[in-house]
Amino acid sequence: MLNNPSTFMFLMTMSSGTIISISSSSWLGMWMGLEMNLLSFIPLINKNSSPYETESAMKYFLVQALASVVFLIAVLFGEMIDFSMMTYSPYLISTALLMKMGAAPFHFWFPGVMEGISWMNCFILMTWQKIAPFILISYKMMNNMMIAVIFLSTLIGSVGGLNQNSMRKIMAYSSIGHLGWMLSAMLISNNMWLMYFIIYTFLNMAVIYMISNQSIYQLSQLYFIKNNPYIKFSLMTSMLSLGGLPPFLGFLPKWLVIQGLSNSYSFIMLLFMVMMTLLTLYFYMRVMYSAFLFMNQEVKWNSNKYSTKMISLSIMTSLLGIPITTWLILY
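Just so it is clear, the model here is predicted, and its values are computed rather than measured. Once a new chain begins, its residue numbering starts again from 1 and follows that chain's sequence as written. Totals for whole chains, interfaces and linings use all residues, but because this is a predicted model, local features are given only for residues with pLDDT of at least 70 and pairs of side-chain atoms are given and counted only at 80 or more. Think of the side-chain values as coming from all heavy atoms in the structure, minus any hydrogens and water.

**A short note on unusual backbone geometry**
Glycine aside, residues mostly have negative phi angles, and peptide bonds mostly take the trans form.
Part 1 of the reasoning: In this structure, Pro-105 follows Ala-104 across a cis peptide bond, with omega equal to 5°.
Part 2 of the reasoning: In this structure, Pro-105 sits in the loop between helix 4 (89-101) and helix 5 (110-115).
Part 3 of the reasoning: With an omega of 5°, the peptide bond between Pro-246 and Pro-247 qualifies as cis.
Part 4 of the reasoning: Its place among the elements puts Pro-247 in the loop between helix 11 (229-242) and helix 12 (251-263).
Part 5 of the reasoning: Despite not being glycine, Ser-215 has its phi angle at roughly 55°, a positive value.
Part 6 of the reasoning: Helical segments are the DSSP runs of H or I of at least four residues, strand segments are the runs of E of at least two, and each set is numbered from the N terminus. Mapped onto the elements, Ser-215 comes out in the loop between helix 10 (190-213) and helix 11.

And the structure:
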């Protein structure tokens, strides 16, 4: 992907847009950084100019442009009239940023855009593209609105993925569900959100590396991975860790969020989020069940076609949570 100079340039400007946005001291500077990020990501989406990529690029542009207009209107009203006097401006800013990151109920574009782009762009969309909206939303966090968004994100992220056969849509709804958990982590503290986001990024990287390496786009393709059980095992550990099953690494940030919400006596929201996470574990298990149906036909563990080092790294990343979780339980 980095062999093309224009691709490298757009990656640099996309990264610069995010950095400008999160380091700016004015709302207009933040808006300019978001626009720079948007206009750099669209050529990356449409790199091969296939019909699916063009459709996804158009969807992404229209939704992000709408969110940018709402953000700019809210900022200009806030500049003309003092923010303390302007009741609705912070809500408009939060709405625009939630639409940019794809949180429910503004998630309608996210699975459709994910469906038409490459796995590398899916990874960027699920991780890097959420950094600027998350940090900006922490400046104007409206608690009542955020609680409603957390409920809806965890609900839609878990229910929406149940009947999907496309791996990209499954990962999209998984990302929407994790957005609810990350917003609740941000309600507790920014450091907790940062830790959750870093672990989520590493687990996403492990899962997407496996799926991209095997060119898997549909759930039915997992029936035919017969040549390397090592890949199946690493995909299983990464998937279950992404689902937050103890004692894998993905359970650690969720456990800390559960403790933080318990300390703030948000028991109803906590119960709802845990119940919805069980539904997300169901469709992660669907992925793994189809991959392991023909396990008895396997012959050998290693194959020279695949990067064993990367697969081992993904397994180690997922299993890292076992000693950490054990240590936290004991101490």
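Moving on from the model shown.
**Remarks on the packing of helix 1 (residues 5-23) against helix 2 (residues 27-45)**
The relative placement of two packed helices comes down to the angle between their axes together with the axis-to-axis distance.
Part 1 of the reasoning: Axis separation between helix 1 and helix 2 bottoms out at 7 Å; the angle between their running directions is 160°. Compared by their axis directions, helix 1 and helix 2 come out roughly antiparallel. In this structure, the crossing between helix 1 and helix 2 has a hand that is left-handed. Of helix 2, the residues touching helix 1 (which contributes Thr-7, Phe-10, Leu-11, Thr-13, Met-14, Ser-16, Gly-17, Thr-18, Ile-20 and Ser-21) are Gly-29, Met-30, Gly-33, Leu-34, Met-36, Asn-37, Ser-40, Phe-41, Pro-43 and Leu-44.
Part 2 of the reasoning: Of the residues belonging to the contact of helix 1 with helix 2, the class tally is 10 nonpolar, 10 polar and no charged. Each axis is a line fitted through C-alpha atoms, taken for helices only over the stretch in contact, and angles between the N-to-C directions span 0 to 180 degrees. Angular relationships are summarised with four words: roughly parallel below 35 degrees, roughly antiparallel beyond 145, roughly perpendicular across 65 to 115, and oblique for the angles in between. It is the rotation of the near helix from the far one that decides the hand of a crossing: anticlockwise by less than a right angle makes it left-handed, clockwise makes it right-handed. Contacts are residue-level and defined by heavy atoms, with any inter-residue pair within 4.5 Å sufficient. Residues are grouped as follows: Ala, Val, Leu, Ile, Met, Phe, Trp, Tyr, Cys and Pro are nonpolar; Asp, Glu, Lys and Arg are charged; all remaining types, including Gly, are polar.

**Description of the side chain of Gln-164**
Part 1 of the reasoning: If you trace the backbone, Gln-164 turns up in the loop between helix 8 (143-159) and helix 9 (167-188).
Part 2 of the reasoning: Residues adjacent in sequence count toward polar contacts only when both atoms are side-chain atoms; beyond that, a polar contact is any pair of N or O atoms within 3.5 Å, and within protein one must be able to donate a hydrogen and the other to accept it. Of the polar contacts made by the side chain of Gln-164, one reaches the backbone oxygen of Gly-160; its length is 3.2 Å.
Part 3 of the reasoning: Setting aside its immediate chain neighbours within four residues, Gln-164 contacts Lys-169, Ile-170, Tyr-173, Leu-219 and Arg-286.

**So, the pattern of salt bridges**
Part 1 of the reasoning: Definition used for salt bridges: Asp or Glu carboxyl oxygen within 4 Å of a side-chain nitrogen of Lys or Arg. Counted according to the given criterion, the structure contains one salt bridge.
Part 2 of the reasoning: We note a salt bridge from Lys-59 to Glu-55, for which the minimum N-O separation is 3.3 Å. Of this pair, Lys-59 and Glu-55 are both found in helix 3 (residues 51-80), four residues apart, which corresponds to roughly one turn of the helix.

**Topic: the packing of aromatic side chains**
Part 1 of the reasoning: In this scheme Phe, Tyr and Trp rings, the latter by its six-membered ring, pair at centre separations within 6.5 Å, and the angle between planes marks the pair as stacked below 30 degrees, edge-to-face above 60, and tilted otherwise. Evaluated as defined, the whole model comprises 12 aromatic pairs.
Part 2 of the reasoning: Aromatic pair Trp-119 and Tyr-217: ring centres 6.1 Å apart, planes at 15°, arrangement stacked. One end of the pair, Trp-119, is in helix 6 (residues 119-126); the other, Tyr-217, is in the loop between helix 10 and helix 11, and 98 residues separate them in sequence.
Part 3 of the reasoning: For each residue, the accessible area found with a 1.4 Å probe, counting protein chains only, is set against the maximum for its type, and the residue is called buried under 20%, exposed over 50%, and partly exposed in between. Residue class for Tyr-217 comes out partly exposed when judged on its relative accessible area of 32%.
Part 4 of the reasoning: An angle of 20° between the planes, with centres 5.6 Å apart, marks the rings of Phe-251 and Trp-255 as stacked. Here Phe-251 pairs with Trp-255, and both are found in helix 12, just four residues apart, close to one helical turn.
Part 5 of the reasoning: Three or more aromatic residues joined by ring pairs form one cluster here, namely Phe-41, Tyr-60, Trp-109 and Phe-110.

**As for the environment of Ile-42**
Part 1 of the reasoning: Inspection of the secondary structure puts Ile-42 in helix 2.
Part 2 of the reasoning: By relative accessible area, which is 18% here, Ile-42 ends up buried.
Part 3 of the reasoning: Between the C-alpha atoms of Ile-42 and Ser-56, which are 14 residues apart in sequence, the distance is 9.1 Å.
Part 4 of the reasoning: Discounting chain neighbours no more than four positions away, the residues touching Ile-42 are Ala-57, Tyr-60 and Phe-61.

**Describing the UniProt feature "transmembrane region" (unreviewed entry) in the protein chain**
Part 1 of the reasoning: UniProt positions are given in the numbering used here, feature names are shortened, and annotations may be inferred rather than shown by experiment. Using the residue numbers shown here, the UniProt feature "transmembrane region" (unreviewed entry) corresponds to residues 57-78, 90-110, 122-139, 145-163, 194-212, 233-252, 264-285 and 306-330.
Part 2 of the reasoning: Across residues 57-78, helical content stands at 100% and strand content at 0%; the span's end C-alpha atoms are separated by 31 Å.
Part 3 of the reasoning: Structurally, residues 233-252 comprises 60% helix and 0% strand, and the distance from its first C-alpha atom to its last is 21 Å.

**Here's the deal with a nonpolar patch on the surface**
Part 1 of the reasoning: Judged by side-chain polarity, Leu-39, Met-58, Phe-61 and Leu-62 come together as a nonpolar surface patch covering roughly 390 Å² of accessible area.
Part 2 of the reasoning: At three residues, the largest contribution of residues to the nonpolar patch is made by helix 3.
Part 3 of the reasoning: Its place among the elements puts Met-58 in helix 3. Nonpolar side chains (Val, Leu, Ile, Met, Phe, Trp, Tyr) are joined into patches within 5 Å and like charges within 9 Å, using only residues with over 30% relative accessible area and no salt bridge. Exposure was quantified through the Shrake-Rupley algorithm and a 1.4 Å probe, taking into account, for residues, occlusion by the shown protein chains and nothing else.

**Looking at the packing of helix 9 against helix 12**
Part 1 of the reasoning: Put simply, helix 9 and helix 12 touch, their axes get as near as 10 Å, and they point 50° apart. In terms of axis orientation, helix 9 runs oblique to helix 12. The interaxial crossing formed by helix 9 with helix 12 has left-handed handedness. Where helix 9 approaches helix 12, its residues His-178, Trp-181, Ser-184, Ala-185 and Ile-188 are matched on the opposing element by Lys-254, Val-257, Ile-258, Gly-260 and Leu-261.

**With respect to helix 1**
Part 1 of the reasoning: Helix span, expected: 1.5 Å multiplied by one less than the number of residues in the helix. Taking 1.5 Å of rise per residue, 19 residues should cover 27 Å, and helix 1 covers 27 Å from first to last C-alpha, within 8% of that figure.
Part 2 of the reasoning: Among the residues of helix 1, Thr-7, Leu-11, Met-14, Gly-17, Thr-18 and Ser-21 are the ones counted as buried. Taken down its axis, helix 1 places every buried residue within 120° of arc, on the same side. Residues Pro-5 and Ser-23 are exposed on helix 1 and point more than 90 degrees away from its buried face.
Part 3 of the reasoning: Summarising the contacts, the buried residues of helix 1 are in contact with helix 2, helix 6 and helix 7 (131-137). As used here, the arc belongs to the directions running from the helix axis to the C-beta atoms.

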